[in-house]
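Descriptive analysis of the structure
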Amino acid sequence: MSTGLLTIDLDAVAANWRALAVMAGPGCATGAVVKADGYGTGAGPVAARLAREGAREFFVAVAEEGAAVRAAVGPDARVFVMAGHMAGDAGLLAGAGLVPVLNSPAQFARHRAALPGEDFALHLDTGLNRLGIEPEDWEAGAAEMLAAGPSLLMSHLACADEPGHPANAAQLALFHRMTDGAGVPRSLAATGGILLGRAYHFDLTRPGIGLYGAEPYGAGRPAVRLSLPVIQTRPVAVGETVGYGCSWRAERPSVIATVAAGYADGLHRVLAGRLRLWAGDVACPAVGRVSMDLITVDVTDLAEVPEALDVIGPHQTVDQLAAAAGTIGYELLTQLGRRYARAYAEAPGRAGSAVPAMAGAEVGP
Ligand SMILES: *Cc1c(COP(=O)(O)O)cnc(C)c1O
């Protein structure tokens with residue numbers, strides 16, 4: 001095999017989901033956000049495992065992502081579409097039984113006209129100013145929208161990964177003002193919001209990144225490993241250079257291993273000079289430029305060159321690699337290349353046990 005191998009530890013994903021569910025506490029359900037193909041790891045296998053674990057609410061970004069998740073989770077779980085109901089989406093939404101999270105009075109009108117009587121949720125903007133119904137529109141339209149029977153009212157925090165940021169309390173207070181007494185289940189917290197404490201949990205939480213044990217839930221179990229096969233190994237004499245631009249020059253007799261991944265696989269050029277790969281417990285610096293499909297690694301100090309080197313693993317987490325690339329775990333994960341072979345590790349016979357269900361969760365679309 002000449003592509004990298006991305007291994008997703010579904011037991012770790014499940015353990016992280018359960019730990020986040022315990023934090024949310026009794027009376028609060030825990031959903032799962034599997035947009036962007038499950039943050040690059042594969043929405044189908046992740047959603048299927050979490051459905052077995054007891055998750056009943058799944059979230060995708062756009063309707064086009066919903067069908068694969070529906071197929072993975074079966075007919076009973078709810079699959080919410082956070083882009084809401086866009087023109088032309090009715091067939092997709094109805095076909096896969098997706099619940100649009102309506103973001104504006106216009107989307108509400110469109111949904112009621114195209115799919116009257118079909119389930120929907122509402123996103124209320126409490127300050128992120130990205131998606132959701134504005135407070136003034138809500139004041140004017142709440143009575144009509146609530147009368148139509150939404151199954152969920154949600155909002156999203158701008159600064160949940162900064163616990164001390166005053167925007168958190170301000171958004172929480174506004175969410176209360178907009179939704180108290182509505183009699184509809186509510187959801188405010190993604191991973192960061194779960195860590196802010198019970199006041200932010202309401203009836204349903206929506207963790208995404210935390211499922212992979214990445215920041216802001218760095219205390220979680222790492223769930224991703226990425227191994228790159230060594231295609232070729234060569235000796236390089238003192239003074240010889242390696243790679244495009246001749247940017248690295250050997251200062252000692254060296255051994256260079258060329259591994260099968262590059263910037264086309266989400267290992268960005270900016271990593272040049274800051275990237276390490278691991279042979280078991282030994283770190284090996286990448287040298288020279290990152291090419292489209294290849295990275296060159298100084299393995300001079302290894303007694304034996306293994307068949308593959310780890311770039312994400314026990315010694316280099318998603319967050320550490322992201323930091324080296326000047327980005328965050330979210331971006332690193334979602335840019336993981338389509339070329340990697342994806343393997344899903346799971347102990348046989350693992351199945352979920354009971355977790356609190358959200359009120360009304362059994363009411364399918
Ligand atoms: C992406 C997203 C989430 C999940 O966020 P994480 O930080 O990955 O847990 C939840 N809600 C909304 C509206 C989102 O866009």
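Reading guide: rules and limits
Per chain, the residues get numbers from 1 upward, laid out in the order the sequence is written. Thresholds applied to this predicted model are a pLDDT of at least 70 for local features of residues and 80 or more for the giving and counting of side-chain atom pairs; totals over whole chains, interfaces and linings are not thresholded and use all residues. Excluded from the side-chain calculations are hydrogens and water; all other atoms, namely the structure's heavy atoms, are used. One heavy atom within 4 Å of a molecule or strand is enough for the residue carrying it to be called near that molecule or strand. Within 3.5 Å is the distance limit for a polar contact, defined as a pair of N or O atoms, with the added protein rule that one can donate a hydrogen and the other accept it, and that residues adjacent in sequence qualify only through two side-chain atoms. We get accessible surface area from the Shrake-Rupley algorithm with a probe of 1.4 Å; when it comes to residues, only the shown protein chains can shield them. Throughout, the protein atoms alone are placed on a 1 Å grid, and a set of points is a cavity if a 1.4 Å probe fits but cannot get out or a pocket if it is open with protein on both sides within 12 Å along at least five of seven lines; lining residues have an atom within 4 Å of a point. Criterion for pocket placement: a molecule counts as inside a cavity or pocket if more than half of its atoms are within 2 Å of its grid points. Charged means Asp, Glu, Lys or Arg here, nonpolar means Ala, Val, Leu, Ile, Met, Phe, Trp, Tyr, Cys or Pro, and polar covers whatever is left, Gly included. Throughout this description, buried means an accessible area under 20% of the type-specific maximum (1.4 Å probe, protein chains only), exposed means over 50%, and partly exposed covers the range between. Every helix listed is a DSSP run of H or I at least four residues long, and every strand listed is a run of E at least two residues long, numbered separately from the N terminus. By the convention used here, strands pair only if DSSP detects at least 2 bridges between them. All tallies of charge rest on Lys and Arg as positive and Asp and Glu as negative; His and the ends of each chain are not included. Definition used for salt bridges: Asp or Glu carboxyl oxygen within 4 Å of a side-chain nitrogen of Lys or Arg. Two residues qualify as a contact provided that any one of their heavy atoms is within 4.5 Å of a heavy atom in the partner residue. All axes are obtained by fitting lines to C-alpha atoms, using only the stretch in contact for helices, and the reported angles, taken between N-to-C directions, cover 0 to 180 degrees. Just so you know how the angles are binned, under 35 degrees is roughly parallel, over 145 roughly antiparallel, 65 to 115 roughly perpendicular, and the rest oblique. Put simply, a crossing is left-handed when the front helix is turned counterclockwise from the back one by less than a right angle, and right-handed when it is turned clockwise.

1. Comments concerning the site of the ligand
- Surrounding the ligand, one finds 14 residues, the nearest of these being Lys35, Tyr39, Thr191, Ile209 and Tyr330.
- For the ligand, an oxygen atom lies 2.6 Å from a polar atom in the side chain of Tyr330.
- Coverage of the ligand by the protein chains reaches 92% of its 390 Å² of free accessible surface.
- At a threshold of 2 Å from the grid points, most atoms of the ligand map onto the largest pocket.
- Taken together, the residues of the shell around the ligand break down into eight nonpolar, three polar and three charged.

2. Concerning the pairing of strand E18 (residues 308-312)
- For E18, the buried fraction is high: four of the five residues fall into the buried class.
- Sheet topology places strand E11 (residues 224-236) next to E18; four bridges connect them, and they run antiparallel. Looking across to E18, one finds that Pro229 is bridged to Ala308.

3. Quick word on the sheet that holds strand E6 (residues 98-102)
- In space, the seven strands of this open sheet follow the order E3-E4-E5-E6-E7-E8-E9, with parallel pairing throughout. Looking at the sheet topology across the chains shown, the edges are occupied by strand E3 (32-33) and strand E9 (186-187).
- Sheet analysis places strand E7 (residues 121-123) next to strand E8 (residues 153-154), joined by two bridges and oriented parallel. Its bridge partner being in E8, His123 is matched across the sheet by Met154.

4. Focus: the side chain of Arg206
- Positionally, Arg206 belongs in the loop between strand E10 (204-205) and E11.
- Of the buried charged residues, Arg206 lacks a salt bridge, with Asp125 as the closest side chain of opposite charge at 10 Å.
- At a separation of 3.1 Å, a polar atom in the side chain of Arg206 contacts the side chain of His156.
- The contacts of Arg206, once residues within four sequence positions are left out, are Val33, Phe59, Met154, Ser155, His156, Ser187, Leu188, Ala189, Ala190 and Thr191.

5. Structural notes on the pairing of E11
- The pairing of strand E1 (residues 5-9) with E11 spans four bridges and is antiparallel. Paired with Ile8 across the bridge in E11 is Val224.
- Of the strand pairs in this sheet, E11 and strand E14 (residues 254-259) are connected by six bridges, and their pairing is antiparallel. Residue pairing for E14: Val236 is matched across the bridge by Ser254.

6. Brief notes about the packing of helix H1 (residues 10-24) against helix H3 (residues 43-53)
- Look at H1 against H3: their axes get within 10 Å of each other, and the N-to-C directions meet at 50°. As summarised for this structure, H1 and H3 are arranged oblique, according to the angle between their axes. Handedness of the crossing formed by H1 with H3: right-handed. The residues of H3 that touch H1, namely those facing Leu10, Asp11, Val13, Ala14, Trp17 and Arg18, are Pro45, Val46, Arg49, Leu50 and Glu53.

7. Some points on unusual backbone geometry
- Each neighbour pair has its own omega, and for Glu215 with Pro216 the value is 10°, a cis peptide bond.
- For Ala36, which is not a glycine, the phi torsion comes out positive at approximately 50°.
- With respect to the element layout, Ala36 can be found in helix H2 (residues 35-39).
- In this model, Asp37 sits at a positive phi of 55°, which is unusual for a non-glycine residue.
- One can find Asp37 in helix H2.
- Residue Asp37 is classed as partly exposed on the basis of its relative accessible area of 29%.

8. Focus: the pattern of salt bridges
- Counted under the stated rule, the structure contains 14 salt bridges.
- A salt bridge links Arg338 to Asp37; its shortest N-O distance comes to 3.3 Å. Here the residue Arg338 occupies a position in the loop between helix H11 (329-334) and strand E19 (341-345), and Asp37 occupies one in helix H2, the gap between them amounting to 301 residues.
- Classification of Arg338 as exposed rests on a relative accessible area of 61%.
- The shortest N-O distance in the salt bridge between Arg49 and Glu53 comes to 3.2 Å. Taken together, the residues span about one helical turn, with Arg49 and Glu53 both in helix H3 at a distance of four residues.
- Counted as one network, the salt bridges with shared partners bring together Asp11, Arg18, Arg49, Arg52, Glu53 and Glu346.

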